[in-house]
Amino acid sequence: MSASPQAKGIWIELVVWLGLTLVAFVLTFQFSAEVGSYAWGAASWPRAIILMMALGAVVQCLFRLRQASGAPAAAGKKAAALPIKLLLVFGVPLLYVFLLPRTGFYVTTPFFLLAYLMVLGERRPKVLIGVSLLIYVLINLLFSVLFFVALPTGTWPGFYDFSNWLVSLLQ
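Model, not experiment: these values are computed from the prediction.

Counting 15 residues, the largest nonpolar core has Phe105, Tyr106, Phe112 and Tyr136 as the members making the most contacts within it. Only α3 (76-103), α4 (105-119) and α6 (159-170) provide two or more residues apiece to this core. With six residues, α4 is the largest single contributor of residues to this core. Beyond its immediate sequence surroundings of up to four residues, tyrosine 136 is in contact with Phe105, Tyr106, Thr109, Pro110, Leu113 and Leu166. Grouped together as the second largest cluster of nonpolar side chains are seven residues, Ala7, Leu14, Leu65 and Ala68 included.

Under the definition given, this model contains two salt bridges. The shortest N-O distance in the salt bridge between arginine 64 and glutamate 13 comes to 2.6 Å. In this pair, arginine 64 is assigned in helix α2 (residues 44-70) and glutamate 13 in helix α1 (residues 5-27), connecting sequence segments 51 residues apart. Glutamate 13 carries the same exposure label as arginine 64, and that label is buried. Residue glutamate 122 pairs with arginine 124 through a salt bridge whose shortest N-O separation is 2.8 Å. On the basis of relative accessibility, which here comes to 52%, the residue arginine 124 falls in the exposed class.

Quick look at the environment of proline 83 now. Position of proline 83 among the secondary structure elements: in helix α3. C-alpha of proline 83 to C-alpha of glycine 9: the two residues are 74 residues apart in sequence and 8.0 Å apart in space.

Attention now goes to a nonpolar patch on the surface. On the surface, a cluster of nonpolar side chains totalling about 450 Å² of accessible area is made up of Trp45, Ile49, Met52 and Met53. In this fold, methionine 52 is placed in helix α2. Given the relative accessible area of 54%, methionine 52 is considered exposed.

Our focus in this paragraph is the side chain of threonine 108. Note that threonine 108 resides in helix α4. Judged by its relative accessible area of 7%, threonine 108 is buried. Here threonine 108 is in contact with Tyr96, Leu99, Leu100 and Thr103, once residues within four sequence places are set aside.

Here we come to the confidence of the model for the protein chain. Chain-level pLDDT for the protein chain is 84 on average; 87% of the residues reach the 70-or-more range. In the model of the protein chain, α3 stands out as the element of lowest mean pLDDT, 81, in contrast to α4, which has the highest, 93.

Below, the discussion takes up α1. Between its first and last C-alpha, α1 extends 33 Å over 23 residues, near the 33 Å set by a 1.5 Å rise per residue. Where α1 is concerned, the buried positions are Ala7, Gly9, Ile10, Glu13, Leu14 and Thr21.

On to the packing of α1 against α2. Their axes nearest at 9 Å, the elements α1 and α2 cross at an angle of 175°. As the angle between them shows, α1 and α2 are arranged roughly antiparallel. Counting all contacts with α1, which are made through Gln6, Ala7, Ile10, Trp11, Glu13, Leu14, Trp17, Leu18, Thr21, Ala24 and Phe25, the residues of α2 involved are Arg47, Ile50, Leu51, Met53, Ala54, Ala57, Val58, Cys61, Arg64, Leu65 and Ala68. Considering only residue class, the contact of α1 with α2 consists of 17 nonpolar, two polar and three charged.

Conventions we followed
Residues numbered from 1 in each chain as written. Predicted model: local features only at pLDDT ≥ 70, side-chain atom pairs only at ≥ 80, totals over all residues. Heavy atoms only, no water. Core = buried A, V, L, I, M, F, W, Y, C linked by side-chain atoms within 4.5 Å. Buried < 20%, exposed > 50% of the residue type's maximum accessible area, 1.4 Å probe, protein only. Helix = DSSP H or I, 4+ residues; strand = E, 2+ residues; numbered from the N terminus. Contact = heavy atoms within 4.5 Å. Salt bridge = Lys/Arg side-chain N within 4 Å of Asp/Glu carboxyl O. Patch = residues over 30% accessible without salt bridge, like charges linked within 9 Å, V, L, I, M, F, W, Y side chains within 5 Å. Areas by Shrake-Rupley, 256 points an atom, 1.4 Å probe, with all protein chains shown as cover. pLDDT = per-residue confidence, 0-100. Expected span 1.5 Å × (residues − 1). Axes fitted to C-alpha atoms, helices over the stretch in contact; angles between N-to-C directions. Parallel < 35°, antiparallel > 145°, perpendicular 65-115°, else oblique. Nonpolar A, V, L, I, M, F, W, Y, C, P; charged D, E, K, R; others polar.

So this is what it looks like as structure tokens:
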């Protein structure tokens, strides 16, 4: 019995996500030195987040496979849209990673959050704006106010100045 194109796409997506998390996990060994005041070392939190990403990918795969098994055969239009959506699922974060050091966290992140929610299928304007704003504000408060951690401010003209103005406003 051969798997449906939709199920194949789900499995391919899982393999790609697990591959990315494996690469990220291996990269954490470059900064896994001991930290005097932190017993678990510098790489423990990144590793925990990476493992949560892998677990999330597996759970999402199982959920989508279960959902696909109960669904009727996919229409041609939906099957053709799968590669485009898959490209967007991976392309939008790659664009974000490319822009982040150039335009800074404070400018790029709200647009990334909106775009990614739309890629994931959300279309209600209130939810798009509300969820994006909530995540953005929580991250800013957590890192800028609670932990006093500098987030990327950008190197392109104008972005650096805006980011520094926003950080000084938050603190």
